[in-house]
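Fold and contact review
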Amino acid sequence: MATTEPDVDWHGDDSSVNHLRGRAFEATCLAATAFGLVSVLLLLLFVANDAFRPLSADGGWLLTYAATVLAPLAALAVYYYRLDEPAGEVAYVTSGLPVVGVLLTGGFAVMFIELLSILEWFALVTSLVAAGGLIVAHGRLRPNAALERLVVLFGAPVVTVLGTPPAQFNWLVTDLAAALGVDFGLYHRVISLREVLLRLPYVPTNWLLLLGTLVAPLAVAGGVFIARRRDSRRAGFAVVGATLVGALAGLVTGPALGIGYGGWMLLVAFVALPVGIYVEGVVRRREGVRGLAFPVIAVLGVAVGSVVVDAAGFAGPDSWLDWGFLTSATSRTAADAGIYPAMVGSIMMIIVIVLATFPVGVGAAIYLEEYAPSEGPMGKFVTLVEINIGNLAGVPSVVYGLLGLALFIRIVQWPQGSIVVAGLAVGLLILPIVIISAQEAIRSVPDSFRQASYGMGATRWQTIRQVVLPEALPGILTGTILALGRAIGETAPLLMIGAAASVRLAPNGFFDVASMMPRQIYSWSSELEPAFRHGVLAAGVITLLAVLLVMNATAIVIRNRYQRE
Amino acid sequence: MSAETPEPDITSRPHGRAARERMYRYVLLLCAALSILVTISIVALLARDAITFFTLVNPLDFFGGTEFLLSRNVYGLLPLLSGTLLVTVISALIALPTGVAAAVYLSEYASDRMRSVLKPGLEVLAGIPTVVYGIFALVYVTPFLRTIGLPVNTFNILSPSIMVGIMIIPMVSSLSEDAMSSVPDSLRRAGYGMGATKFEVTTGVVLPAAASGIFSSFILALSRAIGETMIVVVAAGSQPRMLNLAEPLQNLWQGFQPMTAAMVQINSADSVSQLGFSSMFAIGLTLFAITFLLNLVSNRIAARYREEYE
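The model shown is predicted, which means the values in this text are computed figures rather than measured ones. (Residues numbered from 1 in each chain as written. Chains lettered and ligands numbered in written order. Predicted model: local features only at pLDDT ≥ 70, side-chain atom pairs only at ≥ 80, totals over all residues. Heavy atoms only, no water.)

With that settled, consider the overall build of chain B. Of the regular secondary structure elements, chain B holds 13 helices and two strands. Rg of the C-alpha trace for chain B: 26 Å, well past the compact-globule value of 19 Å for 310 residues, more than 25% over. In chain B, which comprises 310 residues, the share counted as buried stands at 53%. Approximately 14100 Å² of chain B is accessible, and the part contributed by carbon and sulfur atoms is 63%. Both charge centroids of chain B, one from 19 positive and one from 20 negative side chains, sit 2 Å from each other. (Helix = DSSP H or I, 4+ residues; strand = E, 2+ residues; numbered from the N terminus. Rg over C-alpha atoms; globule rule 2.2 N^0.38 Å. Buried < 20%, exposed > 50% of the residue type's maximum accessible area, 1.4 Å probe, protein only. Areas by Shrake-Rupley, 256 points an atom, 1.4 Å probe, with all protein chains shown as cover. Lys, Arg positive; Asp, Glu negative; His and termini not counted. Charge placed at Lys NZ, Arg CZ, Asp CG, Glu CD.)

See the structure below:
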């Protein structure tokens, strides 16, 4: 190789390299990437067309809204994309935040209408706070009595929320006692603080309860956030005061608008408060202020458009997906069919899933990442657990349905098709996904954080609770929300555990038989009438996908906000 | 750290703290061990009814039977297996080449901007609920196949299989892309150094080097296709049928009933005998065994390629 003379023969040919083959290959690969996306996009367009039927509207209606809403917004979007990216993000968040807030409002409204009265909510929240208070107080007073604390940890909720088991679980206690050779049974129930509150002879009016247990805590949370960010207690108090006054205004304005004071208060707490805080921050930072124009122009455009449409008398589209669809039950006639009871069923199922999988999943992830030894017999066990979790994530969903059927219905004897059974079966299905994503989030916390905490003399649990978990929380939340998105669309387990094909009334207890959104959609898919097949079915699909879209967008926003740091 | 404060006692531990730490450890261990419990209960509960089934039906008749008729208590697995096989093969024909090509594009050709759009886009495909894919197949794809002149029935195996294929593209592409990006750059540079073009490096160096990862993604995708339920329940019909080997094309236009769909149908049937009910668990156990094995194999292969380049 050390020769200086170029006496090496050139073995290549002198013609230039042919690029055609490479180009063709690249284009083929790009086409393959786009194939799935484009075909699903086309299918979605067909479904959306069936659900909204935009072509059934007058041409004037379409043109008006295109001119007042679509054109300005499209122009703004191009402007943000090209020239002002921070403003684009502000526009994205300020448009998305109200949507999430309205959905939350809807969720709570449904809960108050179907599940529990405001008084019951008040009793539940108060007794949960009391339980938390007891546990914290015990920790302060006797910081070193660890085993006593365990008793308090499990005893406090029993005293305040649950009470002793109701009569239908008496057999559990008596059987257990009989097995131990004692004749003992809880023949008289000891009721909890929650039930005491429910039986109070005098209770404040509903609006006061709602203000105190829902609006006020959120207002205080917002106030604390602002007080910290601006380092000013006055600002914090201003936020709390403004929120409370705004909510109280609902006593007058709510009924006038036809949403009642409850609807108004929920909107203030879930929409006005977060949007206000976000907008204030944007204005203060002077970053991307132009993004605020987007929602303003959207609202203005809709307002102007509706005035013009009214004046000119253009008819809107005869959409299948409308308010009636979202608020009524299914029906034999396509025009009256709606998805409301199934939506309530899905919401309640999600509550069960969150309660059942989040603590267990995060706990398992913490063990696997923070405690698990890598050697010895325990190390082998942990490897087995890890492999097993990976495999469980690949078990078909229909098998989980079969597990739910065999375990919860045939052995535990819970009612077939009830929400608890559905929630637990689907919960087991997403448990591996929750564990794996929580593990990733915990793994991404730098080790130096842990070392610093240990260096301060913190124990392992203190390190986990005060350092690792707060750092990993955004990641854990993102993963959990994505897993819940998967859960909300799962259908096969629901079929196996016998969820109702169609219900006319929304469930109002967790042991009620219910239908869920995907189950209802599946029922509609076997209707042969075109009005169902190309109307109701499409509207149901769009509703389900819209819920999924909002959940996934929330997860992505959380991830993006915290990944940067 | 002023002089008058007494030296803090940093060596002793408060009473009970060690016990508390141990307790948290055990509670968390319990959470982790729950996953093992889930696996055990799946196997145990499925096996319980499956064993009842196999005491009444000869396993040879079950695994070798060519007829599945609930009403006459004839339980042969082969017709259901035919449906599953067709779905798997057709969806693999769509998803495997497409997925690998997408992975090649994303890992070797795409600009950062393109990747930031296409990658989440592909993941959306895996996030769409399967019942929605089923409705796509039944309401939109089957009529479309008719308009382009294919003689498909209302319920046919072709359109759900196409949808399953599209659904599993992201599984293939994301795992294969991981495998390709973990091929060290030094290999690529060595290829370029030899005067190879980008095409030659991609097909001659990167793809072979990532082969085991790609292969493991294939197996995982197949396992997903085998276990897919809602798409075939909605769009493939409820007629168990044997593969027509004499005229293979005829199979595509007809409805089949894969294993998963049969389980759903047995469960929702109005009057089903005790034997029929336990046959559902036998099918479920078979399905579980197949997918579990495939997943294990896939993980093994994937672990091997990770070792290779670390």
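Back to the write-up after that little detour.
Residues and elements named next belong to chain A. Overall, the coordinates contain 20 salt bridges over all chains when judged by the stated rule. One salt bridge in this structure joins Arg450 and Asp447, with 2.8 Å as the shortest N-O distance. Of the two residues, Arg450 and Asp447 are both situated in helix α17 (residues 447-455); the distance of three residues between them amounts to about one turn of the helix. Look at Asp447 and you get partly exposed, because its relative accessible area is 48%. By sharing partners, the salt bridges in this structure join Arg229, Arg230, Glu280 and Arg284 into a single network. (Salt bridge = Lys/Arg side-chain N within 4 Å of Asp/Glu carboxyl O.)

Chain B puts 82 residues into the contact, and the matching count from chain A is 80 residues. Together chain B and chain A conceal approximately 7200 Å² of surface at their shared face, both sides included; 75% is due to carbon and sulfur atoms. The interface formed by chain B and chain A holds two salt bridges in total. With a closest N to O distance of 3.1 Å, Arg410 of chain A and Asp49 of chain B form a salt bridge. Viewed at the interface, chain A and chain B are joined by 11 residue pairs in polar contact (both at pLDDT 80 or more). (Contact = heavy atoms within 4.5 Å. Buried area = accessible area lost by both parts, 1.4 Å probe. Polar contact = N/O pair within 3.5 Å; in protein donor to acceptor, adjacent residues only side chain to side chain.)

For the rest of this paragraph, the subject is the packing of helix α1 (residues 20-52) of chain A against helix α8 (residues 198-209) of chain B. Any two packed helices are characterised by how steeply their axes cross, that is the angle between the axes, and by the distance between the axes. Remark: α1 of chain A packs on α8 of chain B, axes separated minimally by 8 Å, with the N-to-C direction vectors making an angle of 60°. Judged on the interaxial angle alone, α8 of chain B and α1 of chain A are oblique. Here Arg21, Gly22 and Phe25 of chain A of α1 of chain A lie close against α8 of chain B, whose contacting residues are Phe199, Glu200, Thr202 and Thr203 of chain B. (Axes fitted to C-alpha atoms, helices over the stretch in contact; angles between N-to-C directions. Parallel < 35°, antiparallel > 145°, perpendicular 65-115°, else oblique.)

Another aspect to go through is the domain arrangement of chain A. Residue and element names in this part refer to chain A. One can read the domain layout of chain A as domain 1 (26-55), domain 2 (116-203) and domain 3 (327-564). The straight-line distance from the C-alpha centre of domain 1 to that of domain 3 is 28 Å. In this assembly, six residues from domain 1 lie in contact with seven residues from domain 3. The contact between domain 1 and domain 3 buries some 470 Å² in all, and 77% of this surface belongs to carbon and sulfur atoms. (Domains from an automatic or database assignment.)

Before going further, it helps to examine a nonpolar patch on the surface. Residue and element names in this part refer to chain A. Where nonpolar side chains cluster on the molecular surface, the patch consists of Ile347, Ile351, Leu355, Phe510 and Phe511 and spans about 420 Å² of accessible area. By the secondary structure assignment, Leu355 is in helix α13 (residues 340-371). The exposed category is assigned to Leu355, whose relative accessible area is 64%. (Patch = residues over 30% accessible without salt bridge, like charges linked within 9 Å, V, L, I, M, F, W, Y side chains within 5 Å.)

Moving on, we come to unusual backbone geometry. Of all residues except glycine, most have a negative phi; of all peptide bonds, most are trans. The residue Arg53 of chain A is not glycine, and still its phi comes out positive at about 45°. Tracing the sequence through the fold places Arg53 of chain A in the loop between α1 and α2 (59-83). Even without a glycine there, the phi angle at Asn73 of chain B is positive, about 55°. Checked against the element boundaries, Asn73 of chain B lands in the loop between β1 (68-69) and β2 (74-75).

Residues of chain A with pLDDT of at least 70 account for 93%, and the chain-wide mean is 85. When pLDDT is averaged over each element of chain A, helix α16 (residues 419-443) of chain A comes out on top at 94 and helix α6 (residues 170-179) of chain A at the bottom at 70. (pLDDT = per-residue confidence, 0-100.)

Two elements in contact, helix α14 (residues 376-392) of chain A and helix α1 (residues 17-56) of chain B, have axes whose closest approach is 9 Å; the angle formed by their N-to-C orientations is 55°. Comparing their axes, α1 of chain B and α14 of chain A come out oblique. The way α14 of chain A lies across α1 of chain B gives a crossing that is left-handed. Counting all contacts with α14 of chain A, which are made through Met378, Phe381, Leu384, Val385, Asn388, Ile389 and Leu392 of chain A, the residues of α1 of chain B involved are Leu29, Ala32, Ala33, Ser35, Ile36, Val38, Thr39 and Ile42 of chain B. (Left-handed = near helix turned anticlockwise from the far one by under 90°.)

Residue and element names in this part refer to chain A. Assignment of secondary structure puts Ser331 in the loop between α12 (323-327) and α13. You can call Ser331 buried: its relative accessible area is 17%. Within polar-contact distance, the side chain of Ser331 engages the backbone nitrogen of Thr333 at 3.1 Å. What Ser331 contacts, discounting residues up to four positions off in sequence, is Asp336, Ala337, Arg504 and Phe532.

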